[in-house]
Amino acid sequence: MATRFDEDNRIMREDDYRAILAGVGSGEAAERSMDELAGLAEADGIQVIGQMLQPLERPVPATYIGSGKVRELAELCEAMEADICIFDDELSGIQIRNLEEALDVRVIDRTVLILDIFADRATSREGKLQVELAQLRYRMPRLTGFGKKLSRLGGGIGTRGPGEKKLETDRRHIASRIDDIRKELKKAEKTRQIQRAERRRSGVPVVALMGYTNAGKSAVMNRILAEEDRADQEVFSQDMLFATLDPRHRKISAAGGHPFILIDTVGFVSKLPHHLVEAFKSTLEEARDADLLIHVVDTAREDRAFQMEVAEEVMDEICGTSAPRILAYNKIDLVEEIPWDHGGREAVFISAKTGENMDDLLEEIEKAITGGSVDAVFLVPYDRGDVVSRLCETGQVEEMEYEDTGTILRGRFPEEEFARYREFVMRKEED
Ligand SMILES: Nc1nc2c(ncn2[C@@H]2O[C@H](COP(=O)(O)OP(=O)(O)OP(=O)(O)O)[C@@H](O)[C@H]2O)c(=O)[nH]1
Ligand SMILES: [Mg+2]
């Protein structure tokens, strides 16, 4: 959990931050969004002591909430001894300044909160740079918006991370730092592109685990690895928001099944900051190119439908709507019944914790990635070792024999491989 410092650089206790949340909107969606904001605040070690939702259609330009509400909020802050107000949408510099003046507490928004959590979680060099880039791009147009509260609180919330030192330097410094980070990220992106191209060339399908944060994506990956006796290659999985920031891939050889590459990705929440999505674009690109998306859902959540909608929206934005998807209702060990309508889509009901029905998931993956495969027998001359390796890699070879004229391979192969090496096909076996 995050460590904070007061103005004399003494460590503050985590619950020293007492926050009131404020949002605009009405109906269930607005309430869910506020609940989610409270969850984010808690994930950042902030104690939520109150909240206020104003039923406006859209925020007020000068102060986000209406002026009457601002006064009400100021009274509430004073009465409850709050020291921070968190607004549910991204605020402009002017709004921050006006609100800090009127409320006399530190003012931050959802974006700062999310970036703060990300800054805390980032471990890889690339992850840290991506978060810093998003933080700087958020701060750039708001330099004048940060009032005296910020300098008073020094390295408080929203200023954590490598960007911290740059905060009070001028726009030019920030711009040049943004430039440097972009250049460095570009290099990392190049390496990633090469690796991705290699994976593409190998013809092994890519399957991406996606979904709302804390749904159990990493746990699903770990369960699949454990079943292959590869627990040593497990990824970080924890009951916390945004446990995963950097994508991780593992090649899965799925006992007897078609091999595939499984990618674990960063989790989503609603209103994910635009700059963050931008900054994480290159890491998310892996998922964008995936042949199959697995939407992992936390079945035990009461707000499951909301989380699913949020995840679908981000998935549409990143991957488009065309990649095939499987819905994986996870954590079924925590629910009594699993009976609901999933809109006729491919769905499996699993528990990454107990391992229940994981074979259903693997079966669905197999079905989706081998769509259009053929049982066939190949005879490949000995000077075409490349073809043999390729067929072994992309197909499920059941039998291999060495004849005078070459290697005989019997098994199930993707249609395109079958077509590509038609000249070596001895026979095609009908079902
Ligand atoms: N009971 C139960 N808990 C589960 C199951 N799957 C995952 N969990 C728990 O849910 C929490 C979140 O799991 P993660 O695998 O970190 O979830 P994630 O989707 O990767 O989350 P982020 O990377 O933070 O977006 C952990 O505490 C897991 O142990 C399950 O099937 N049953
Ligand atoms: Mg994860």
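Below is a summary of the structure that appears in this document. (Residues numbered from 1 in each chain as written. Chains lettered and ligands numbered in written order. Predicted model: local features only at pLDDT ≥ 70, side-chain atom pairs only at ≥ 80, totals over all residues. Heavy atoms only, no water.)

What to know about the overall build of the protein
Stage number 1. Counting its secondary structure elements, the protein contains 14 helices and 16 strands.
Stage number 2. Expressed as a percentage of its 431 residues, the buried residues of the protein come to 52%.
Stage number 3. In the protein, the share of contacts with a sequence separation of at least 24, taken over all contacts with a separation of at least 6, comes to 68%. (Helix = DSSP H or I, 4+ residues; strand = E, 2+ residues; numbered from the N terminus. Buried < 20%, exposed > 50% of the residue type's maximum accessible area, 1.4 Å probe, protein only. Contact = heavy atoms within 4.5 Å.)

Brief notes about the packing of helix H5 (residues 125-139) against helix H7 (residues 171-202)
Stage number 1. For the pair H5 and H7, interaxial distance at closest approach is 10 Å and the crossing angle is 145 degrees. Here H5 and H7 pass one another in a crossing that is left-handed. Between H5, through Arg125, Glu126, Leu129, Gln130, Glu132, Leu133, Leu136 and Arg137, and H7, the contact on the second element is made entirely by Ile174, Arg177, Ile178, Ile181, Arg182, Glu184, Leu185, Ala188 and Arg192.
Stage number 2. Partitioned by chemical class, the residues of the contact of H5 with H7 number eight nonpolar, one polar and eight charged. (Axes fitted to C-alpha atoms, helices over the stretch in contact; angles between N-to-C directions. Left-handed = near helix turned anticlockwise from the far one by under 90°. Nonpolar A, V, L, I, M, F, W, Y, C, P; charged D, E, K, R; others polar.)

Some thoughts on the coordination of the magnesium ion (ligand 2)
Put simply, a metal with four donors set out as a tetrahedron has ideal angles of 109.5 degrees, and one with six donors set out as an octahedron has ideal angles of 90 or 180 degrees.
Stage number 1. Around the magnesium ion (ligand 2), the donor atoms from the protein are Ser218 (OG) and Thr244 (OG1), and they sit 2.0 to 2.1 Å away. Residue Ser218 is located in helix H8 (residues 217-227), and its partner Thr244 is located in the loop between H8 and strand E8 (248-252); the two are separated by 26 residues in the primary sequence.
Stage number 2. Accessibility expressed as a relative area gives 12% for Thr244, which makes it buried. (Donors = N, O, S within 2.8 Å, 3.2 Å for Na, K, Ca; no water.)

Side note on the sheet that holds strand E13 (residues 373-380)
Strand pairing in a sheet relies on backbone hydrogen bonds. The paired strands run either parallel or antiparallel.
Stage number 1. The strand order across the open sheet built from four strands is E14-E15-E13-E16, with neighbouring strands paired in antiparallel fashion. At either end of the open sheet lies a strand with only one pairing partner, and these are strand E14 (396-402) and strand E16 (425-429). The sheet shows a mean angle of 20 degrees between the axes of neighbouring strands, taken without regard to direction.
Stage number 2. Sitting on the sheet, helix H13 (residues 385-394) is in contact with E13, E14 and strand E15 (407-414), with an inclination near 40 degrees to E15. (Pairing = 2+ DSSP bridges.)

So far we have only geometry, and geometry alone does not tell us how the molecule works.
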